[in-house]
Amino acid sequence: MKYLTVALYHPRVLRGGAQYVAKDLHDTAAKTPGVDAVLLACIDGNMFPQYGKVGASITSLPDSPNEFIMAGQRFDDFYHVVYDKRRNKALTRFLLDQKPDVIHFHHSLWVGLEFIELARKVLPNVKIIYTLHEYMAICHSRGQLFRYGESSICLDSSPDQCNKCFPGISSDDFYLRRRTFQRAFRFVDHFVSPSEYLKSRFVEWGIDAEKITVIHNGHQPSRPKGWQPTHSNDLNVFGFFGQFVDAKGIDVLLKAAALVSQETPVEIKIFGGNKQYASADYIGRIDHILSGNTENLKITEVGSYSRNNVFDLMSTVDWVVVPSVWPETFGLVVSEAWDAKRPVIASRAGGLSERIKDGTNGFSFLPGSDLQLSSILKNCIGNFDLWRTLVDKMKDEVTLDIAWKQHLQVVKGIRRTAGQADQLVESK
Amino acid sequence: MLSDQGDVYLAGWADRRVIDNFRVSIEIGYMRHELGEPEFYWYHRSDVAEVIGDTECPSGFICVAKAQSVIPHSKLRVYVGGYLVYQENALRLKSPSKFLNEALGACAVLADRPIGSTLPQAQGLYPAFAGVWRRVLDKMTFLNAFSHQKMEKAKQSVIITIYRRADMLLIQLSALAKELIETGTEVIVVGNDLQGADMLIEQLGAFCQIHPIDLSVWLCSGNSGFSAGNNFGASKARGEILVFMNPDIFPHEHDDGSTAKNFFAKDPGNALHGALLYYGDGLLMHSGMYTTSDVVIDAASGYRNEVLRVEHFGKGLSHHIDDLDTSAVLQAVHDRKILVSAALWKIRNSVFQKVGGLPEDYIFAYYEDADFCLQLLNGGYDIVLDSTSRWLHMEGVGKEMAPAVRSFMWLNRAHYTQRYCNDKLVVDAETDLTLI
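Residues numbered from 1 in each chain as written. Chains lettered and ligands numbered in written order. Predicted model: local features only at pLDDT ≥ 70, side-chain atom pairs only at ≥ 80, totals over all residues. Heavy atoms only, no water.

### Here we look at the overall build of chain B
For clarity, the cut-off: Put simply, DSSP H or I for four residues or longer makes a helix, DSSP E for two residues or longer makes a strand, and each gets a number counted from the N terminus. Computation of the radius of gyration draws on C-alpha atoms alone. For the globule rule, the value is 2.2 Å times the number of residues to the power 0.38. Per-residue accessibility, obtained with a 1.4 Å probe over protein chains only, is compared with the maximum for each type, and a residue is labelled buried under 20%, exposed over 50%, and partly exposed between these values. The criterion used for residue contact is that any of the two residues' heavy atoms lie within 4.5 Å. What sets the accessible areas is the Shrake-Rupley method with a 1.4 Å probe; for residues, cover comes only from the shown protein chains. In this tally, Asp and Glu contribute negative charge and Lys and Arg positive charge; neither His nor the terminal groups of the chain are included. A charge is said to be at NZ when it belongs to Lys, at CZ for Arg, at CG for Asp and at CD for Glu.
Across its full length, chain B carries 13 helices and 19 strands. In terms of overall size, chain B behaves like a compact globule, its C-alpha atoms giving a radius of gyration of 24 Å where 436 residues would be expected to give roughly 22 Å. Dimensions of chain B, computed from C-alpha atoms along their principal axes, come out at roughly 70 × 50 × 35 Å. For chain B, the residues scored as buried account for 58% of the 436 residues in total. Long-range contacts, defined here as pairs at least 24 residues apart, represent 80% of the contacts in chain B between residues at least 6 apart. With the model as given, the accessible surface of chain B reaches about 18,800 Å², and the carbon-plus-sulfur share is 50%. Both charge centroids of chain B, one from 39 positive and one from 53 negative side chains, sit 5 Å from each other.

This is the structure in structure tokens:
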């Protein structure tokens, strides 16, 4: 079986959750006997010109056979279409040359929704699956379903509600945006969602529930065999791992820690990059909290991390806090914390609420509630029995192998009939 | 304001108890042009009235005139009644299209007032503006920017005239592509003052790789308006049946393709066909149109007249695009001669040409479709509302109109009123009270 993965970016070009998932699955597929895995990473050629070659829409990734780069020069970030003649020619030829049995799309950004239709036209019998990594099709606001103006999770994605986040874009435009995504998604045989929450939002939006299978993002464990977790003397070190952006809720954690520090010493370590993408208002809020820093509160901004060192870095904290205020689709950081045997304290936002069972494998709180979080932090500090109980009960996330097998089940379940193919050929 | 073709726009105020001679002459460089006594259109200016103390006689004026054989020069002097009223040593002469737009924009001081107090001025100013518009229009050229012709013969021609922004076009064509191919229908896009045309052409090329539709794109050198743009599209049509379609018309998102297929393929005979149009939210916006009149008054001047208005049937009804039963909706249009919106029309090219095409004397846009419908009906042709055909019309909402747009709507309404105020098809005010 030829398995073509179409990703947004490649971890070697730009690190990010969706591209890690795509690359991991591609690598796992490549190791499977009988599977010929090919990866095509769609990137912003203007941002990474070193990966583009003049006149060539598709180029190879150095030292990586079967991995290709498609560097785009333009992208309509509202409708998620490209419509590039040269790219279409190259893509058509690429598909005809590669002849994949399965195309697994992992995104629409820089991929372009018309790619899906083109694939279906060129290869009428190809099985197309699409992993919904976030809410990009539903939400133009970074695909986060988070209302920045109101600092709340968006529970109603009607076009008029989108207009509230983007007053300069009409409801009709949002209606057409939804329609454009839904039209392209008609060419997809099956969708994969990393969480039930994300699935439910897309079902509500219009995808048939039976066409979406929930498969957790597989995790490659870094924990050495026989490794035993340790903790700090006072069991009062809390770590944040993630991007330093508004929707990740670092301000909620810091506010909670400031409240706790009025009674007991507490230490917060922030491992997070991309601070440049945080809003000025958000940075201002954090500076305001930090300006009231007490002797009991120690905050260290460590900087960004990668998955190559996340295991070691997590071992330097006792607890991992995931204070997101946007509905996380999965929460890769939870898998990493479980691998490092760190109990997770997470907001009940999106997919996080499915994974963190309050009091069983961690604790949860209302998104944005610094008061609730501060109570949890107080309960955790110095509570060695609690920490040990949670660590012992903690289970690992599914491995990549298991996730890949679940994908194979999805592929096997797709039945493309000759009639469907004929219909498409006729319309060519 | 002065154009390099000698178009003159004068605006200002005067105490008419003191000045009664409005003979105009202008000096452009060393040439003096006597314009005689062009018509001054007066209106009340409360700011002036407060200062000069005359609240009865209108003191503000607008005048549009034409000087012949102008030799461009940077020095301008304007005399009214023999007095030098304006001079400019570094005059910037405007091209006719810029003059037209800016003069229209300046006229918004009148257009924004109640029509009762400005209808005579609009009807008076219209011929001068129409003259400039005609000269602007006559200079326009159309360039074939893209052509992807797959069929030897086209049965139908869809004409899409776009003004400035084409951001919905690809989405629209995606929604129609399959049916266009299946019914042998070509698409002719006419771009008026189109922004980002290069990119659009590139994207359309890529679009045609995936959807091999028969498509040609013509770019106008400026903005030829709705009528001339569509008339040009019709002149290029290879199909006998013309479908005029706004770029914001879409089939319903759950449509199986039959709406477009049936509409394209069904011969309208000698009639003009329209369709049921719905807003993006699915509520009815159009099930035909009628024209009616309002009484307009200006107590200060004792003016009383009638002005025409075009109304849509169906607007405001709670009928939804998914509602199967249209009987209540069609009740009002049953057995009535109606007009249909040019947002979506279907007509044989031969009939379209016999009626003379869309009237180009309406400046840029508005009222030309109602005019065409009335001409058609008066010429003995029928207009049919194809109630089996339901489309979404993403009509822009909530956007403020530019002053120039408000002005040409105002002028076009005055022109439409003048032309059809006595037409037998105008619905009387009494009937209008209940017609929906």
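### Digging into the nonpolar core
Heads up, the condition is: Side-chain atoms within 4.5 Å are what join buried Ala, Val, Leu, Ile, Met, Phe, Trp, Tyr and Cys residues into a set we call a nonpolar core.
If you look at the biggest cluster of nonpolar residues, it comprises 219 residues, and the most contacted ones within it are Phe105(A), Phe185(A), Phe202(A), Phe238(A), Ile345(A), Leu215(B) and Trp391(B). No other element matches the 8 residues that helix 6 (residues 197-210) of chain B contributes to this core. Counting 36 residues, the second largest nonpolar core, distinct from the first, contains Phe99(B), Val132(B), Ala228(B) and Trp410(B).

### Notes on the packing of helix 1 (residues 17-31) of chain A against helix 14 (residues 400-413) of chain A
Residue and element names in this part refer to chain A. Rule in force here: Note on method: axes are straight lines fitted to C-alpha atoms, helices fitted across the in-contact stretch only, with angles between N-to-C directions ranging 0 to 180 degrees. Geometric relationships in this document are graded by angle, where less than 35 degrees denotes roughly parallel, more than 145 denotes roughly antiparallel, 65 to 115 denotes roughly perpendicular, and other angles denote oblique. Residues are grouped as follows: nonpolar covers Ala, Val, Leu, Ile, Met, Phe, Trp, Tyr, Cys and Pro; charged covers Asp, Glu, Lys and Arg; every other residue, Gly included, is treated as polar.
Remark: helix 1 packs on helix 14, axes separated minimally by 10 Å, with the N-to-C direction vectors making an angle of 80°. One element, helix 1, and the other, helix 14, form an angle in the roughly perpendicular class. The residues of helix 14 that touch helix 1, namely those facing Asp24, Leu25, Thr28 and Ala29, are Leu400, Asp401, Ala403, Trp404 and His407. Among the residues making up the contact of helix 1 with helix 14, the classes are represented as 5 nonpolar, 2 polar and 2 charged.

### Re the confidence of the model for chain A
For clarity, the cut-off: What pLDDT reports is the predictor's confidence in each residue, on a scale of 0 through 100.
Residue-level pLDDT values for chain A average 93, and 97% of them are 70 or greater. When the criterion is pLDDT under 50, residues 421-428 of chain A qualifies, and its contacts beyond four places in sequence or with other chains add up to 12 contacts.

### What to know about the environment of Ala342(B)
All names here are of chain B. Within the element layout of this structure, Ala342 appears in the loop between helix 9 (327-331) and strand 18 (344-348). With relative accessibility at 3%, the residue Ala342 sits in the buried group. For the pair Ala342 and Asp167, spaced 175 residues apart in sequence, the C-alpha separation works out to 20 Å.

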